[in-house]
Amino acid sequence: MCGRFALGIPRRQLEEHFAAEVPEVPPRINVAPSQPVLAIRLEHGRRVGRLLRWGLIPYWAKDEKIGWKTINARAESAAAMPAFRDSLRRRRCLVPADGFYEWDKSRKPREPHLFSLADASPMALAGLWDRWRPLDGGEAVESCTILTCPANALVARHHDRMPVILPPSAWAAWLDPATAPGALPALLKTCPAGQMAERLADIRINSPDFEPGAPG
DNA sequence: CCAGACGTTGTT
DNA sequence: GTCTGG
DNA sequence: CCAGACGTTGTT
DNA sequence: GTCTGG
């Protein structure tokens, strides 16, 4: 699954890598659910990075609590889920990351591992977003979720699910709302069967800077 | 019809 | 908003 | 995901 | 154990 990840890529490198306009974001080694995450989406045909709350709140929600249970969406079922299907059809995004964490729970204390690409290039996690307007007329909240798929062999040593990682060749079609829904499953299957999965590196974290309870 | 859910992961 | 269960 | 809390009364 | 907050 994907419940924590890292993002410390400098702005200009993100802009170059994703061909997008990206806001300045402080480097984070421990991005947690409910916090703002950088998501790249298409606005008027241009790729733009926005800070969206992690945990998708569907536009029809009565309150925002559902966002605690929607930090991930299963790629296999999202198209059929009331909370995700509209976003899957029309509101897809990329979530840049240095890598994502999985925990080794056989250790005391639990030990985090960072999974990043072997060549250290930025990862593009497949995401969905939505815009929710509070019933009391308060300000709209934009939020997002990260799709998951079955873990590849490397990640499976720790967990049976992992985030969908999209290769650069899939980004344009993923972001384009005009992409036919029928084409999406093929894009999502990029991970774990595709080449990116082969390039995942498993790095054990021993840094004293990493404190799960104190999101950086 | 109305009421209530709408989600994922992990663990047992 | 839309579907399921009662 | 992890960390941290884990309560009551009364009123709307 | 289970829920909430970050």
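Owing to the predicted nature of the structure, the values given are computational and were not obtained by experimental measurement. Counting restarts for each chain, with residues numbered from 1 along the sequence as it is written. Lettering of chains starts at A and numbering of ligands starts at 1, both following the order in which they are written. pLDDT decides what is reported in this predicted model: residues at 70 or higher carry local features, side-chain atom pairs at 80 or more are listed and counted, and totals for whole chains, interfaces and linings draw on all residues regardless. Side-chain metrics in this entry use all non-hydrogen atoms of the structure; hydrogen atoms and water are not considered.

Draft legend 1. The sheet that holds strand β8 (residues 111-117), seen in detail. Spatial ordering of the open sheet is given by β2-β1-β7-β8-β12, a layout of five strands whose pairing is antiparallel. This sheet does not close on itself; its edge strands, each paired only once, are β2 (28-31) and β12 (200-204). Averaged over neighbouring strand pairs, the angle between their axes works out to 30° when direction is ignored. Paired strands are those between which DSSP finds at least two bridges. In DSSP terms, a helix is any run of H or I states spanning at least four residues, a strand is any run of E spanning at least two, and both are numbered starting from the N terminus. Think of each axis as a best-fit line through the C-alpha atoms, taken over the contacting stretch in the case of a helix, with angles from 0 to 180 degrees between the N-to-C directions.

Draft legend 2. Seen up close, the pattern of salt bridges. In the sections that follow, a salt bridge refers to a side-chain nitrogen of Lys or Arg positioned within 4 Å of a carboxyl oxygen of Asp or Glu. Across all of its chains, the model carries 13 salt bridges by this definition. One salt bridge connects arginine 50 with glutamate 43, and the closest N-O pair in it is separated by 2.8 Å. When salt bridges that share partners are traced, they join Arg41, Glu43, Arg50, Arg131 and Glu142 into one network.

Draft legend 3. Looking closely at the pairing of strand β3 (residues 36-43). The element β3 is extensively covered by neighbouring structure, given that six of its eight residues are classed as buried. For β3 and strand β4 (residues 46-54), the ladder comprises eight bridges, and the chain directions are antiparallel. Paired with proline 36 across the two strands is arginine 53, which belongs to β4. From the end of β3 to the start of β4, which pair antiparallel, there are two residues, and histidine 44 there has a positive phi angle of about 55°. Per-residue accessibility, obtained with a 1.4 Å probe over protein chains only, is compared with the maximum for each type, and a residue is labelled buried under 20%, exposed over 50%, and partly exposed between these values.

Draft legend 4. Summary view of the protein's contact with DNA strand E. We call a residue near a given molecule or strand whenever any one of its heavy atoms falls within 4 Å of it. As a structural note, the neighbourhood of DNA strand E is formed by Arg4, Ala32, Pro33, Ser34 and Trp68. Backbone sugar and phosphate groups make up 0% of those atoms of DNA strand E lying within 4 Å of the protein. Think of a polar contact as two N or O atoms within 3.5 Å of one another; within protein, one of them needs to be a possible hydrogen donor and the other a possible acceptor, and neighboring residues in sequence only count if both atoms come from side chains. In this structure, serine 34 approaches DNA strand E through a side-chain N or O atom, which is 3.3 Å from a base nitrogen. Residue composition of the surface near DNA strand E, by class: three nonpolar, one polar and one charged. Gly is put with the polar residues, along with every residue not named as nonpolar or charged; the nonpolar set is Ala, Val, Leu, Ile, Met, Phe, Trp, Tyr, Cys and Pro, and the charged set is Asp, Glu, Lys and Arg.

Remember that the coordinates give geometry; whether it matters functionally is a separate question.
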